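# Close look at the chain arrangement
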Amino acid sequence: MDSSGDKPQESSQDVINLLQEKVISLYLYRDHYFETHKIEDAIHKNGDVEKKLAEIVRVFDEGEKRALGGDRAKFCFLKGRALNVVPKFSKEAESLLSKAVKLDPKCVEAWNELGECFWKNNELKKAMNCFEGALKERKNKISLRNLSMLARQETSNSRENLINNIEKGLNYAKEAVQLDPQDGLSWAVLGNAHLSSFFGIQQNPKTLKQCLSAYSQAEKDIVAKSTPDLHYNKGITLKYEEEFKLALESFNKAALYDPTWDQPKIKEKQLVRYLNEISDLVTTNGKMKAKRLQQILQSIDSKQLGPYGGGSYTSSTNQTVKLDEISLGILKPGLNEEKVILGKVVCTVQNEDSVPFTLCLVDKLGTCVVVTVFNLADGKGVIIGNSVAIPEPYVSDVNFTYKDNEYKFRLIRVETPLVMVVNGKKVNRDLQAGVQMSIFNKYD
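The rules behind each value
- Residues numbered from 1 in each chain as written.
- Predicted model: local features only at pLDDT ≥ 70, side-chain atom pairs only at ≥ 80, totals over all residues.
- Heavy atoms only, no water.
- Axes fitted to C-alpha atoms, helices over the stretch in contact; angles between N-to-C directions.
- Helix = DSSP H or I, 4+ residues; strand = E, 2+ residues; numbered from the N terminus.
- Parallel < 35°, antiparallel > 145°, perpendicular 65-115°, else oblique.
- Left-handed = near helix turned anticlockwise from the far one by under 90°.
- Contact = heavy atoms within 4.5 Å.
- Nonpolar A, V, L, I, M, F, W, Y, C, P; charged D, E, K, R; others polar.
- Phe/Tyr/Trp six-rings, centres within 6.5 Å; stacked < 30°, edge-to-face > 60°.
- Buried < 20%, exposed > 50% of the residue type's maximum accessible area, 1.4 Å probe, protein only.
- Lys NZ or Arg CZ within 6 Å of the ring centre and 35° of its normal.
- pLDDT = per-residue confidence, 0-100.

## Remarks on the packing of helix α6 (residues 108-120) against helix α7 (residues 124-137)
It is at 7 Å that the axes of α6 and α7 come closest, and there the two elements cross at 165°. Judged on the interaxial angle alone, α7 and α6 are roughly antiparallel. Here α6 runs over α7; the crossing is left-handed. Each of Val108, Trp111, Asn112, Leu114, Gly115, Glu116, Phe118 and Trp119 in α6 lies in contact with α7, whose residues at this interface are Leu124, Lys126, Ala127, Cys130, Phe131, Ala134 and Glu137. Class assignment for the residues of the contact of α6 with α7 results in ten nonpolar, two polar and three charged.

Right under this line is the structure:
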């Protein structure tokens, strides 16, 4: 190549500019795939992206010698970023990006790409160092949201450590959203951070609302809306909210966006199986034989209300709360204030997630309802024949159809077992435990 004059420098810079345009177009193709393709084409997405990548790698190979006189750090970064477009780890991408940050330690984009590269190879500490390094150079949403995810994935050796990691993750996610409130991927990460906070710190219903609100914001962005993990995590939240139809639809949507990912299909099947079993058991009084059922109904006695008997009880704050015993049939949807119900367990319902603990309760008039108990310690629960009293029950009527299956039953949700009276006695504190969660984060 002629080394005289400005022409070689211009030529090499032109090549760099061309390569940059190619890489931008590659990521636009991946992130906006469903604007030009039908959802049914999702199965071909990874293959189509790989074909585009192969075309661009050829352009890089052809232009490498001509680009040598230009910005070497930029060339390494661009090729590394191109190779990083696919979900699997690329050793060549790692090598190129490592070279890029050595040649230009202030290149935030290269640090972020290298961090993602290490993450794909499950080198989480190295990934975190890259994102923290990028953040020292410039505050940016990509580093912040990746650090949010990594902070929440860190192994915790104590409850205090766990809470600290979750709060750190939440703060990073909030910062990312503040930097660019239009970025749906940051909103999705914030939703996951709220979900971690709900399960790991305090199960405040307001936190779940914040979580669903963040997912709703994320869905306004076409890029975030096309990511299967957004719909999967939203499905997990909705399942916990007992919005069963919406949860099933979210799992189904996640599976449509990535037909190769089995987890959403597994969750959908598990939830369908759980709902089918509930429907079957609640309509058959737990499949209990008539004689045994009659014996159970006759054994229900208001004495089993224990501390909730006598029309009132004393709360933990020493306040007297009025409580009238009512039958299951006259409960109203929503919170039934100043009311208490009493029944006997006729069956428990299997749930692969172990949360919530689910049982069917029948009262002395023979009405059967489903009761879901959250925050129950592993291996704890109630057994068939136990009497259960629940104060101020929260009721919802489940009634919907999904893929030709019809679900119709009444459900009572109990947030903590500590409010229940079993066999006339308040339950012990050792029955309460934290909820296990299953959030999907990138590269899990």
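## Focus on the packing of aromatic side chains
Evaluated as defined, the whole model comprises ten aromatic pairs. Residues Phe34 and Tyr257 carry aromatic rings whose centres are separated by 5.0 Å and whose planes lie at 80° to one another, so their mutual orientation is edge-to-face. Highlighted residues: Phe34 in helix α2 (residues 33-36) and Tyr257 in helix α14 (residues 244-257), separated in sequence by 223 residues. Centre to centre, the rings of Trp119 and Phe131 are 6.2 Å apart; their planes meet at 70°, and the pair counts as edge-to-face. Of this pair, Trp119 sits in helix α6 while Phe131 is found in helix α7, placing the two residues twelve residues apart along the sequence. Residues Trp119 and Phe131 agree in their burial class; the two are buried. An aromatic cluster is present here, built from Tyr29, Tyr33, Phe34 and Tyr257 joined pairwise through their rings. A cation over an aromatic ring shows up here: Arg81 above the ring of Tyr27, its NZ or CZ 3.7 Å from the ring centre. Above the plane of the ring of Phe374 lies Arg413, whose end atom (NZ or CZ) is 4.3 Å from the centre.

## As for the confidence of the model for the chain
A low pLDDT score tells you not to read the predicted coordinates there in detail. When pLDDT is averaged along the chain, the result is 90, and 93% of the positions lie at 70 or above. Within the model, pLDDT remains below 50 along residues 1-10, and this stretch shows seven contacts once partners closer than five positions in the same chain are excluded.

## Thoughts on the environment of Thr348
Of note, Thr348 is situated in strand β5 (residues 339-349). Exposure remark for Thr348: the relative accessible area of 38% places this residue in the partly exposed category. With residues near it in sequence (within four places) discarded, Thr348 still touches Leu281, Phe357, Thr358, Leu359 and Val382.

## Digging into the packing of helix α11 (residues 205-218) against helix α13 (residues 228-241)
Where α11 contacts α13, the two axes come as close as 11 Å, and the packing angle between them is 150°. On the basis of the axis angle, α11 is roughly antiparallel to α13. The two elements α11 and α13 meet at a crossing, and its hand is left-handed. Between α11, through Leu208, Lys209, Cys211, Leu212, Tyr215 and Ala218, and α13, the contact on the second element is made entirely by Leu230, Asn233, Lys234, Thr237, Leu238, Tyr240 and Glu241. Here the contact of α11 with α13 is composed, by residue class, of eight nonpolar, two polar and three charged.

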